[in-house]
Amino acid sequence: MKLIKPAAILLVLVILASLVAGGRLSPGILGTWVAALLTLAIFSFLYKDNRIYKLAEHLFIGVSAGYSVSLEYWNVFRPNLWDPLVRGLHHVTMAHVFSLGGFSVHLPYFPGMLLLFPFALGLLLFARFSARLAWLSRWSIAAMVGSYAGLAMIGALQGDLVAQVRANMIPLVAAGSLGGIRASGNADDLIFAFLRLIQNPLIIFGLISTLVYFFFSREHKGSLGVVSRIGVWFLMISFGASFGYTVMSRVSLLIGRLHFLMSDWLRVIP
Amino acid sequence: MAEKAKGDLLVRLSRIDRRILFLIIFVCVAVPLLTGAKMKMSITQPVKGLYDAIDGLQPGSYVWLAADYDPGSMPELYPMNIVLLDHLFARNIKIISASLWAPGPPMAQRAFDAVAPKYGKQYGIDYVNLGFKEGREAVMLSAAEDLRRTFPRDFFNTPWESVPMLQDIRSLRDAKMIVSVSAGYPGVKEWIQQVGTRYGMRIGGGVTAVTAPEMYPYIQSGQLTGLLSGMKGAAEYEQLIARPGLGIAGMVAQSCVHIMVVVFIIFANVVYLIEKTRK
């Protein structure tokens, strides 16, 4: 009884595969139908949790994991490590290392031999599967954390800290902004000129008050408390803007899916 | 009495089944899409900045187009990829595309296949897809030093020597500009930090709306030439180059949902205040 469902699914898959192989069903149409039905399966969660949704969810996780492993294998492991190592092993020579007291020390050498180090570090990561040997994986993790921390730190210092501090050293009144107000011909121009006039003071005051909010060495009382509260307002406004953008982003995803269903699947819109 | 009943109705409405709200949102999206309604938008400065930067490039120069996204962010970023290709090809600019996200290259190729034939552009001569490379920031730096060593083969496994347009290229720095269409890390921010600031290259970006607020400080500091934020950014750019596409098609739906969300928020706050006053 337990085997009926998997057998039925397998039968459907075999039928579909044979239809595609026989040219009776185009892979494009099949792909669109599969994508559309899976989209509807995911949408069904909006009504309530159900088995169809769970099936789609599991399929997504499985396919994503399989796709990632396959991509990493063919795009990273093979061209960057395995293939150069195998090519190099066809050209192994004995290289002279040093001579000592008439003895000449030779060691095997092949092009790309240095790749053995990342290969070994990669293998050490699998030591995590054993509780006794798990500590070995720390070497690989240390190498990764160290190199990426170094790269990120330089980037953050050069690209963020220095550049952003410099960008905030601005005059309180931007050059020409007062003249802009006088020269504005209509209401729209006047609004933009006014916004330009208050832009720099807003940036400077927003920066200072927000920094004061994160200054914890003194209790936020008196004038420090007032400025810190204004800093909180600036933070709240920025969180509001972020929330607005998040809503926009999620709605875009819904629009994308509905557009796919109506255009590619149902073909009710061009 | 009537006032109390009115208050009760509001409270009952505030406890409405969430599925009805989903249905309202569905209608707000589906109806504008079905009717094909369009709207005109005002162009924001970050979008104009990117447009002007691309428009000012010499025909025949190279642009690095990083497709750093995956199918999950396709509704927002694919329209940007399309509209940027439209503008770049129309300006006769050569495009080198690569990705630091594994699912990125097929997305980029799909966009190339959709746009390049309209302008009679040929693969390997006018544009190339170098595919995916693992290594994030390390790849950026490596490509800025020696592009051939970083990407010895393209997305189709063609060796570097067999791609005509790559023969004049030594490093990423030969490109006049980098435009990263990115859904997160690694993306626009890392391009600015690792390549833009270090090598003084111009960076333009297209990002999901979720990550857009993070990018505005870079516009203010001048580290980012221009920015497309979410579907609206793509729609504005489509309007600028007068090629309506997926961005503009979704804008009325987007606005309808935004209005509805604002209505929901105001309604919930009114009910909250009524309940608070009663207590």
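Preceding this paragraph is the structure being described.
All values reported here derive from a predicted model rather than from experimental measurement. (Residues numbered from 1 in each chain as written. Chains lettered and ligands numbered in written order. Predicted model: local features only at pLDDT ≥ 70, side-chain atom pairs only at ≥ 80, totals over all residues.)

1. Observations concerning the overall build of chain A
Consideration 1: Scanning chain A from N- to C-terminus turns up 8 helices and 2 strands.
Consideration 2: A globule of 270 residues ought to have a C-alpha radius of gyration of about 18 Å, yet chain A, at 31 Å, is considerably larger.
Consideration 3: By its C-alpha atoms, chain A is 80 × 80 × 40 Å across when sized along the principal axes.
Consideration 4: The buried share among the 270 residues of chain A stands at 6%. (Helix = DSSP H or I, 4+ residues; strand = E, 2+ residues; numbered from the N terminus. Rg over C-alpha atoms; globule rule 2.2 N^0.38 Å. Buried ≥ 20, exposed ≤ 12 C-beta atoms within 10 Å, placed from the backbone.)

2. A closer look at the packing of helix H2 (residues 27-43) of chain A against helix H3 (residues 51-89) of chain A
All names here are of chain A.
Consideration 1: The N-to-C vectors of H2 and H3 enclose an angle of 120°; their axes lie 8 Å apart at closest approach. Comparing their axes, H3 and H2 come out oblique. Crossing handedness for the pair H2 and H3: left-handed. Two secondary-structure elements touch here, H2 through Leu 38, Ala 41 and Ile 42 and H3 through Ile 52, Tyr 53, Leu 55, Ala 56 and Leu 59.
Consideration 2: Its residues assigned to classes, the contact of H2 with H3 comprises 8 nonpolar, no polar and no charged. (Axes fitted to C-alpha atoms, helices over the stretch in contact; angles between N-to-C directions. Parallel < 35°, antiparallel > 145°, perpendicular 65-115°, else oblique. Left-handed = near helix turned anticlockwise from the far one by under 90°. Contact = placed C-beta atoms within 7 Å. Nonpolar A, V, L, I, M, F, W, Y, C, P; charged D, E, K, R; others polar.)

3. With respect to the nonpolar core
All names here are of chain B.
Consideration 1: Of all hydrophobic cores here, the largest spans 87 residues; its most connected members are Val 63, Ala 66 and Ile 178.
Consideration 2: In terms of residues, this core owes the most to one element, helix H4 (residues 74-90), which gives 10 residues.
Consideration 3: Not counting residues up to four positions away in its chain, the partners in contact with Ala 66 are Ala 98, Ser 99, Leu 100, Ile 178, Ser 180, Val 181, Ser 182 and Trp 191. (Core = buried A, V, L, I, M, F, W, Y, C linked by C-beta atoms within 7 Å.)

4. What to know about unusual backbone geometry
All names here are of chain B.
Consideration 1: Following Tyr 185, the chain continues to Pro 186 via a peptide bond in cis, the omega torsion being -10°.
Consideration 2: With respect to the helices and strands, Pro 186 occurs in the loop between strand S4 (177-182) and helix H8 (188-199).
Consideration 3: Unlike most non-glycine residues, Asn 92 shows phi in positive territory, near 60°.
Consideration 4: Overall, the presence of 14 C-beta atoms within 10 Å leaves Asn 92 in the partly exposed class.
Consideration 5: Positive phi values are uncommon outside glycine, yet Ala 242 reaches one of about 55°.
Consideration 6: Looking at the secondary structure, you find Ala 242 in the loop between helix H10 (230-240) and helix H11 (246-278).
Consideration 7: Ala 242 sits in the exposed class, given 7 other C-beta atoms within 10 Å.

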